[in-house]
Structure formats: C-alpha cells, structure tokens
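Descriptive structure summary
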Amino acid sequence: MSSGEPAAVSIPIHDHHGKAPATSSAVPAAAAAAPAAAPAVAPRKVGIPFFRRGDHHRGSRCLAFLDFILRIAAFGPALAAAISTGTSDETLSVFTEFYQFRARFDDFPAFLFFLVANAIVAGYLVLSLPFSAVLVIRPQTIGLRLLLLVCDMIMAAMLTAAASAAAAIVDLAHNGNLRANWVAICMQFHGFCQRTSGSVVASFLTVVILMFLVILAACSIRKR
Amino acid sequence: MEAGEEIEDGEPSTPTYKAHHHPPHLPPPMRSSGVSLVLSVADLVLRFVAIGGTAGSAIAMATTSETLPFAAPFVRFRAEYSDLPTLMFFVVASSVVCAYLVLSLPASVVHVVRPGARSSRAILAFLDTVMLALLTASASAAAAIVYLAHRGSARANWLGICQQFTSFCQRITASLVGSFAAAVVLVALVFLSALSLARRA
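Since this is a predicted model, take the numbers as computed values, not measurements. (Residues numbered from 1 in each chain as written. Chains lettered and ligands numbered in written order. Predicted model: local features only at pLDDT ≥ 70, side-chain atom pairs only at ≥ 80, totals over all residues. Heavy atoms only, no water.)

Okay, the overall build of chain B next. Assigned secondary structure in chain B consists of five helices and two strands. When each of the 201 residues of chain B is scored for burial, the buried share is 40%. Residue pairs at least 24 apart in sequence account for 77% of intrachain contacts in chain B once pairs closer than 6 positions are excluded. Carbon and sulfur atoms provide 70% of the accessible area of chain B, an area that totals close to 10800 Å². (Helix = DSSP H or I, 4+ residues; strand = E, 2+ residues; numbered from the N terminus. Buried < 20%, exposed > 50% of the residue type's maximum accessible area, 1.4 Å probe, protein only. Contact = heavy atoms within 4.5 Å. Areas by Shrake-Rupley, 256 points an atom, 1.4 Å probe, with all protein chains shown as cover.)

So this is what it looks like as structure tokens:
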C-alpha cells in the first residue's frame, strides 16, 4: 500500500512503520499538497498533512500554525475596538444651560489617534495572514519570519502608545480631576463611556496577543 | 570556536556535540573583533544617554509645583504633578526605567569585555523591550494629559489649565520630550542587542 492512493474509508491512524493506512483527513488536499509538503521522506507516512511524523520541520510548522491562529485571534479585538470607538456618538436628551450635550470620539484627539492606530493594526493583521500561511507551508524562510517579527513589534509599540493615551482619557472621564476642575463626564454620557472603556480593554488584549506573537517569532527563529 | 549549538528536536546528538553548559568558570574570552566592540561600546554609551533622558524627565516632572499669586474663585491656585494620577504614573514609570538602566550598566560593561556572553545579552534585550513598553505607555498617557492641559476640551467643559499655570505646563511638556527621546534610544538599544546576538548565530 502506498500513501499516494486516495482511500475510500477512513481508518484510525496507527503508528505502524511499514504498514501504512491511508490518511483519514483531507485526503484530496493531501494528494494535492503531498509533493510540496514532503520532499524526501519515506513513501509510507501517517498523520495530518504538513504535520507528518517524519517531517523535519514539524516543530517549526506547529509554531507557524500557532502564529497564524494568534493573528486571527488578535484581529478580532483590534477591529472591535476600532469600530466601537468610531461609532461612539452620544447625544443627551437633557438640556442644561452650561453643559454641551453631545460627545463623539473626535472631540478628543487621543481617541482619534486610538481609532486610527487600531484600524492600522487590524488592517496589518489581515494583510499578514497570507505571509503567515506561507510560513506554515515553507518554514525555512527566515527572512519572512524576521520581517513579520519587526512589523509585529512596530505595531505592538504603536498600539501600546495609542491604548495608553486613550486609557488616560478614559480614566479622566470616569473619575474627573478635582484639582484641575475637570468634571467626570461619565456621569452624563453613560453609553459613550462604556463604549470607549470597552474598546480600550480590547485594544490592550490585542497588545498582549501581539507581544506573544513577537516572542513566538523570536523563539522559532532561534530554533533554526 | 563557535558558541554552544542548540540541539534541534528529534535530532540525535552527534559525537561532535559541544557542551552548552560549561563548568562554573566563564568561557575563555573571545577576541573581540572591531565590529562587535563598536556595538558593545555604542550600547554602553546609549545606556548613559537613556539614563540621562529618563532621570531628567522624572526629576523635571516631580519637582513641579506652582502656586499662583492670586486666588481666583473657581480655579485652584496650586498645581503639582501628584494632582493628576497619570502624571504620577509617568514619574513612577520613568524612575523604574531609570533604575533598571543604571542596574544594567555593569552587564553592559561585561558585554564590552566579554563579547561571547550570549544569554545575558538575550536577557538584557528582553528586559530592554519590557522597559520600552512601559516607557511608551507612560509617555503616551502623559502626553494625552498634557495635551488636555494645553488645549482643554470644549465638549467635556474641561478648561485648559495652562492658561493659568504657565511654568507648570512648560515643565511637564519639556519632561515629556526627554521621555520620548529616551524611548527612541531604548529602541536603538534593542536593535543593537539584536544585531550583536545575530552576529554570533
């Protein structure tokens, strides 16, 4: 039996060298990708394509796959933070003599910077997904790993700066400042405050995931 | 002679495997070539510059205290950095980064003398990155507050306090500049460490 023929039944995978039950998952993909994935190993293989047992790059492939998954995970909070800040616009129904009754994100330049930075990071994460996928298929391209590492670090630093500036404003909006006679506007603008606070939290989550991505890339470059 | 080689997962150890962990004495010092010496000395010099930047900005912010000569009915007539919690965080973070940089000076000197110390370079690079993140966060938060102090916010009815407290405002703005310069220097330090680590690989 050779692993090249597609099997009609799915057989549990056993670790028998020499007896090769056919792979049970993604057989057409395996047949198509087998020439690319396993250049010079024994013709009898078991396991999921790209993660076969005799593959020399298996550790790097696992790390690259984790990198891919983490990128998708980081994209969610970044996009959510950007959208939630961008749609924060609250108009009060009360009308007082001294207070403005409308709050939007572009009243505060820190929130504007925060929105732009989150949008940039979300866009970058989407655009770097194909590069990460290439790294799963060909784990030996170190130049691409280095490029992704440097770009991830730049994005993490920018997002840290934006998130901390927005956090300073949000803290001021929640607590006010007695000494500077700054009133806590969260008392009036509940929805605006909740939205922006939530998006700051999501943005910090993205920062944590990005830092983890940087450490992962550094470790996988070092493993070479 | 190469530094100790890592063993890849799944590869058997060969007879030419060099011990990664030496006996307790330090490995024999390698001849430092010109480029690695320049990198280590540049690292040391940049550390001094960053110490100056962070110390200056922390001290400038912490010694702010302005009292207005008159008392206006609705505005307080004394301004300090501790009135704003974000500026307090900025002073604390700058001091932490300054203390770390001072404590890392001996390690940097060791790297000039013995260029073969790889793991301590890696640890220093990692800690530099952590301090860079802390400094960036504190400097951006303080920048947001300083911007508010200058311009105020018409929507939130927050008055810009710089109209009254001019010297307080000038001080906190200047200390922010020093902090951002120190952040740039830290970026250069991380880059230098990465370069020296990559040269040995």
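The discussion continues.
Between chain A and chain B, the residue contacts involve 31 residues of the former and 31 residues of the latter. The contact between chain A and chain B buries some 2700 Å² in all, and 61% of this surface belongs to carbon and sulfur atoms. Where chain A touches chain B, the interface holds zero salt bridges. Applying the counting criterion to the chain A and chain B interface returns four residue pairs in polar contact (both at pLDDT 80 or more). Where the side of chain A that touches chain B is concerned, the elements lending two or more residues are α3 (109-127), α5 (142-175) and α6 (190-222) of chain A. For the side of chain A that touches chain B, the leading source of residues is α5(A), giving 11 residues. (Buried area = accessible area lost by both parts, 1.4 Å probe. Salt bridge = Lys/Arg side-chain N within 4 Å of Asp/Glu carboxyl O. Polar contact = N/O pair within 3.5 Å; in protein donor to acceptor, adjacent residues only side chain to side chain.)

The next thing to look at is the packing of aromatic side chains. Residues and elements named next belong to chain A. Inspection of every chain in the model, using the stated rule, returns three aromatic pairs over all chains. Seen from their ring centres, phenylalanine 111 and phenylalanine 192 are 6.1 Å apart, and the 80 degrees between their planes marks the pair as edge-to-face. Residue phenylalanine 111 is found in helix α3, and its partner phenylalanine 192 is found in helix α6; the two are separated by 81 residues along the sequence. The residues phenylalanine 111 and phenylalanine 192 share a single accessibility class, namely buried. By the ring-pair criterion, three or more aromatic residues cluster together here, those being Phe108, Phe111 and Phe192. (Phe/Tyr/Trp six-rings, centres within 6.5 Å; stacked < 30°, edge-to-face > 60°.)

On to the nonpolar core, then. The biggest cluster of nonpolar side chains holds 75 residues, and the ones touching the most others in it are A:Phe108, A:Phe111, A:Trp182, A:Ile185, A:Leu210, B:Leu87 and B:Trp158. Listing elements by their share of this core, those giving two or more residues are α2 (58-86), α3, α4 (129-137), α5 and α6 of chain A together with α2 (85-103), α4 (118-151) and α5 (166-200) of chain B. A per-element tally of this core places α5(A) first, with 14 residues. Excluding anything up to four places from it in sequence, A:Phe108 contacts A:Ile169, A:Ile185, A:Phe192, B:Ser153, B:Ala156 and B:Trp158. Judged by nonpolar contacts, the second largest core, of 17 residues, contains B:Val97, B:Leu124, B:Ala182 and B:Val185. (Core = buried A, V, L, I, M, F, W, Y, C linked by side-chain atoms within 4.5 Å.)

Let's shift gears to the packing of α2(A) against α6(A). Residue and element names in this part refer to chain A. In contact at an axis separation of 8 Å, α2 and α6 are set at 160 degrees when each is read in the N-to-C sense. When the axis of α2 is compared with that of α6, the two are roughly antiparallel. Relative to α6, the crossing made by α2 is left-handed. Contact with α2, carried on its side by Leu63, Leu66, Asp67, Leu70, Arg71, Ala73, Ala74, Pro77, Ala78, Ala81, Ser84 and Thr85, involves Arg195, Ser199, Ala202, Ser203, Leu205, Thr206, Ile209, Phe212, Leu213, Leu216 and Ser220 of α6 and no other residues of that element. (Axes fitted to C-alpha atoms, helices over the stretch in contact; angles between N-to-C directions. Parallel < 35°, antiparallel > 145°, perpendicular 65-115°, else oblique. Left-handed = near helix turned anticlockwise from the far one by under 90°.)

Moving on, we come to the UniProt feature "transmembrane region" in chain A. All names here are of chain A. Here the UniProt-annotated "transmembrane region" positions come out as residues 63-83, 111-131, 146-166 and 201-221. Between the first and last C-alpha atoms of residues 63-83 the distance is 30 Å; the span itself is 100% helix and 0% strand. Structurally, residues 111-131 comprises 95% helix and 0% strand, and the distance from its first C-alpha atom to its last is 31 Å. (UniProt positions renumbered as here; feature names shortened; annotations may be inferred.)

What follows is about the state of the cysteines. If you walk through the whole model with that rule in mind, you get two disulfides over all chains. Bridging A:Cys186 to A:Cys193, the disulfide has an S-S length of 1.4 Å. Its S-S torsion of about -65 degrees marks the bond between A:Cys186 and A:Cys193 as left-handed, since a negative value means left-handed. By the burial criterion, A:Cys186 is buried, and A:Cys193 matches it. The disulfide bridge from B:Cys162 ends at B:Cys169, spanning 1.4 Å between sulfur atoms. In this structure, the disulfide formed by B:Cys162 and B:Cys169 twists by about -70 degrees around the S-S bond and is classed as left-handed. Here B:Cys162 matches B:Cys169 in class, with each residue buried. Cysteine A:Cys62 shares no disulfide, and the gap to the nearest cysteine sulfur, in A:Cys219, comes to 14 Å. For A:Cys62, a relative accessible area of 43% translates into the label partly exposed. (Disulfide = S-S within 2.5 Å.)

Structurally, B:Ser104 can be placed in the loop between α2 and α3 (105-113). Each residue touching B:Ser104, except ones within four places of it in the same chain, is listed here: B:Arg47 and B:Leu124.

Take the environment of B:Cys162 next. Residue and element names in this part refer to chain B. You can see cysteine 162 is positioned in the loop between α4 and α5. What makes cysteine 162 buried here is its relative accessible area of 11%. Setting aside chain neighbours within four positions, we find cysteine 162 in contact with Ala149, His150 and Cys169.

It is worth spelling out the packing of α4(A) against α5(A) at this point. Residues and elements named next belong to chain A. Where α4 meets α5, the axes come as close as 10 Å, and the angle between the chain directions of the two elements is 145 degrees. When the axes of α4 and α5 are compared, the crossing they make is left-handed. Within the contact between the two elements, α4 uses Phe131, Ser132, Val134 and Leu135 and α5 uses Leu144, Arg145 and Leu148. Counted by class, the contact of α4 with α5 contains five nonpolar, one polar and one charged residues. (Nonpolar A, V, L, I, M, F, W, Y, C, P; charged D, E, K, R; others polar.)

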